[in-house]
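Breakdown of the fold
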Amino acid sequence: MSRDGVSKGGARAGAPKGAASKAASTRRAAAKAEAGGPRLAPRHVLGLAAAVLTLAVAATLATGGRGAHIAQTVGLGIDRKFAAAGFRLKDVHVEGASEMARPDILRAAGVGEGAPLLGLDLDQVRARVEAVGWVQEARVIRLLPDTLVIAVKERGQLAVWQHGGRTVVVDAQGRVIPEADPARFADLPLVVGAGGAEHASGILPILVQRPKLMARLEALVRVDNRRWDLRMKDGALVQLPAAEEEQALMKLEQLDMRSRILELGFERIDLRNPDTIAVRPRAPQAPAGLAAAAPSPSDPSAAASPVPHSPVQGV
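Residues numbered from 1 in each chain as written. Predicted model: local features only at pLDDT ≥ 70, side-chain atom pairs only at ≥ 80, totals over all residues. Heavy atoms only, no water.

Concerning helix H6 (residues 196-208)
- Here H6 contains 13 residues, and its C-alpha end-to-end distance of 17 Å stays within 8% of the 18 Å for a straight helix at 1.5 Å per residue.
- Taking the largest bend as the criterion, H6 deviates by roughly 40 degrees, centred on Gly202, and proline Pro205 comes between one and four positions later. (Helix = DSSP H or I, 4+ residues; strand = E, 2+ residues; numbered from the N terminus. Expected span 1.5 Å × (residues − 1). Bend = angle between axes of the 7 residues up to and from the residue.)

If you want it as structure tokens, here you go:
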């Protein structure tokens, strides 16, 4: 016997000769089959795999670290045999994802056609898919003999957020979806300013219930991260209070029913005071021939004559 405890025959002292010899015989048989032996039916491969795994476990227990190497080698051989028997990846189905999200999910999954299906680590595939911004959660299912199913729950796109020179798409929790191109989401509301992404989910459901107002809305502007301004498409401004936004909008609706103010236009409507609605009318446009005579913005006389607020009581 040599100093490392291995006999001339190659078996470690004290190891069951039967387990080691059977594992060696199995490896030789697998190598012979790989070299051009007869192909086995899938059900025969499954039976052979179970037997080989049992032998690998026995060898691991008997030979320690060397047995772990044997088990790894046997595992690779099993994977090849399964692939040879037809257990290779042919189709990947992505369920629950939009057409925009699907390419990013497939790219992140990192699985290629022809890969041994039983050799895929499903937990790793799922983790890679859930790292995609589109995806809230995912499940990965292996369907023998050749199909992988990736079922995802996609994040809902709530708004386009503009802040700090960036324009991104965010979900209902204010989380950025980095793979989403904002240019492809022109139908989403535009939210501007610090804190806008996190608080948009509180104000948007209230506005969506008012389609007449939403049709005129250009952007939701977060002011000092405490309240909202509604910037209209014609340049008008609606200033909302820091709390009870819905009650303020109900007052605006009542005012519009009486005066059609949304259709007639205005410069600004201040709803910050719960007891008063202050309306600044839009300044009348001067005739084209008098445009040259209009005072410039730098003229002190123009700055000294602001358009007064018109308070509307009892709304």
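Side note on the layout of surface pockets
- Quantified by volume, the second largest pocket comes out at close to 190 Å³.
- Residue assignment for the lining of the second largest pocket shows that the elements contributing at least two residues are helix H7 (211-216) and strand S7 (217-223).
- A per-class count over the lining of the second largest pocket returns nine nonpolar, no polar and three charged. (1 Å grid on protein atoms, 1.4 Å probe; cavity = no way out; pocket = protein on both sides within 12 Å on 5 of 7 lines; lining within 4 Å. Points joined across faces, edges and corners; volume = space filled by probe spheres on them. Nonpolar A, V, L, I, M, F, W, Y, C, P; charged D, E, K, R; others polar.)

A closer look at the packing of aromatic side chains
- Throughout the structure, instances matching the rule amount to one aromatic pair.
- Ring centres of Trp134 and Phe185 lie 6.4 Å apart, and the angle between their planes is 40 degrees; on these two criteria the pair is classed as tilted. In this pair, Trp134 sits in the loop between helix H5 (122-130) and strand S2 (135-143) while Phe185 sits in the loop between strand S5 (166-171) and strand S6 (190-192), placing the two residues 51 residues apart along the sequence. Across this residue pair, the class does not change: Trp134 and Phe185 are buried. (Phe/Tyr/Trp six-rings, centres within 6.5 Å; stacked < 30°, edge-to-face > 60°. Buried < 20%, exposed > 50% of the residue type's maximum accessible area, 1.4 Å probe, protein only.)

Focus: the pattern of salt bridges
- Under the defined criterion, the tally for this structure stands at twelve salt bridges.
- Between Arg175 and Asp171 there is a salt bridge, with its nearest N and O atoms 3.4 Å apart.
- Assessed through its relative accessible area of 40%, Arg175 is described here as partly exposed.
- We classify Asp171 as buried; its relative accessible area is 1%.
- Between Arg260 and Glu263 there is a salt bridge, with its nearest N and O atoms 3.1 Å apart.
- Taking the relative accessible area as the measure of exposure, Arg260 reaches 46% and is therefore partly exposed.
- Looking at Glu263, the relative accessible area reads 43%, which means it is partly exposed.
- Salt bridges sharing common partners tie together Lys212, Asp256, Arg260 and Glu263. (Salt bridge = Lys/Arg side-chain N within 4 Å of Asp/Glu carboxyl O.)

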